[in-house]
Amino acid sequence: MSRNLGVCVQPDRHAVSRRTAEIVRDAVRNATREAPALLLLSGGSSVLDACVELTQWELPWHALHVGQLDERVATASHPERAWPAIEASLLDRTTENVAGRHPILVDELDSEQAASSYDALLGRLTERMHTSIAVCGLGEDGHVASLLAGDEKNRSRARVLTTGPYSGLLRITVSMTFLRTLPTIIVVASGRSKAKAMQRLTLPSPDMPAAYLPSHTVFVIDRQAAALMHESADQG
């Protein structure tokens, strides 16, 4: 029997970005200085495209804190670093400053110190937020944030941990334990290269990190990423 997923299929990549931004907009539009919102982002082009779309609306930016789901341990100029891209796609485009910018401090601390520091920061932030939203991409192998398939650390109860190396770089990432506590989780995926991962997610017991996300997770994907899902449904 196939698994039920919260899937929102859009016609193309641009529509995926637009719909993702709409969900974030609706989640944060009632935020205030007294009851702020926390938006946690991964890197990747699909997430960054949604960030650009989000800046098209007037939002209570003064009540929005922006942080990260994961980061690569590399110099600020490295092309795989996520935070500079988040700044360029979102934070440098808003009509007013956000309430807080919260990067993982890989430039200032070693990886273990940076993970420990961010763990403590997320604990403080989430305690006082009205709502928290995560937006992440989906890897071709089914990973989300930098929670990698087969990594024993995926069972960690810490909020933040180190993983990897993956594609040659160590990573700092939020844990699945922490992700599952967030009220709004959006996973975005575009293109045929993500079709097999989406297909596997519909199987009864897929062994991939994305399968452990909570049932309220919304997968916003385009038709190419959804292309193989009907085959799993036919087999279920």
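Residues numbered from 1 in each chain as written. Predicted model: local features only at pLDDT ≥ 70, side-chain atom pairs only at ≥ 80, totals over all residues. Heavy atoms only, no water.

Turning our eyes to something else, we now look at the sheet that holds strand β8 (residues 169-174). One open sheet accounts for three strands, arranged β4-β8-β7; its pairing is antiparallel. Each edge of the sheet is formed by a strand with only one pairing partner; in this case those strands are β4 (70-72) and β7 (160-166). Strand-to-strand twist across the sheet, computed as the mean angle between neighbouring axes with direction ignored, equals 20°. Direction of pairing for β7 relative to β8: antiparallel, over a ladder of five bridges. Across the sheet, Y166 pairs through a bridge with L169, a residue of β8. Those strands touched by helix α4 (residues 111-128) are β7 and β8, and its axis lies near 140° from that of β7. (Pairing = 2+ DSSP bridges. Helix = DSSP H or I, 4+ residues; strand = E, 2+ residues; numbered from the N terminus. Axes fitted to C-alpha atoms, helices over the stretch in contact; angles between N-to-C directions. Contact = heavy atoms within 4.5 Å.)

All right, on to helix α2 (residues 45-54) then. Of all 10 residues in α2, seven are buried, a share of seventy percent or more. Of the residues making up α2, those classed as buried are S46, V47, L48, A50, C51, E53 and L54. On its buried face, α2 is in contact with α1 (13-28), β2 (37-41), α3 (83-91), β6 (131-137) and β9 (184-189). (Buried < 20%, exposed > 50% of the residue type's maximum accessible area, 1.4 Å probe, protein only.)

This brings us to the pattern of salt bridges. Here the structure, examined in full by the defined rule, presents 11 salt bridges. Linking R13 and D49 is a salt bridge whose minimum nitrogen-to-oxygen distance equals 3.0 Å. With R13 in helix α1 and D49 in helix α2, the pair connects residues that are 36 residues apart, well separated along the chain. Given a relative accessible area of 32%, R13 falls into the partly exposed group. In this structure, the salt-bridge partner of D70 is R72, at a minimum N-O distance of 3.7 Å. (Salt bridge = Lys/Arg side-chain N within 4 Å of Asp/Glu carboxyl O.)

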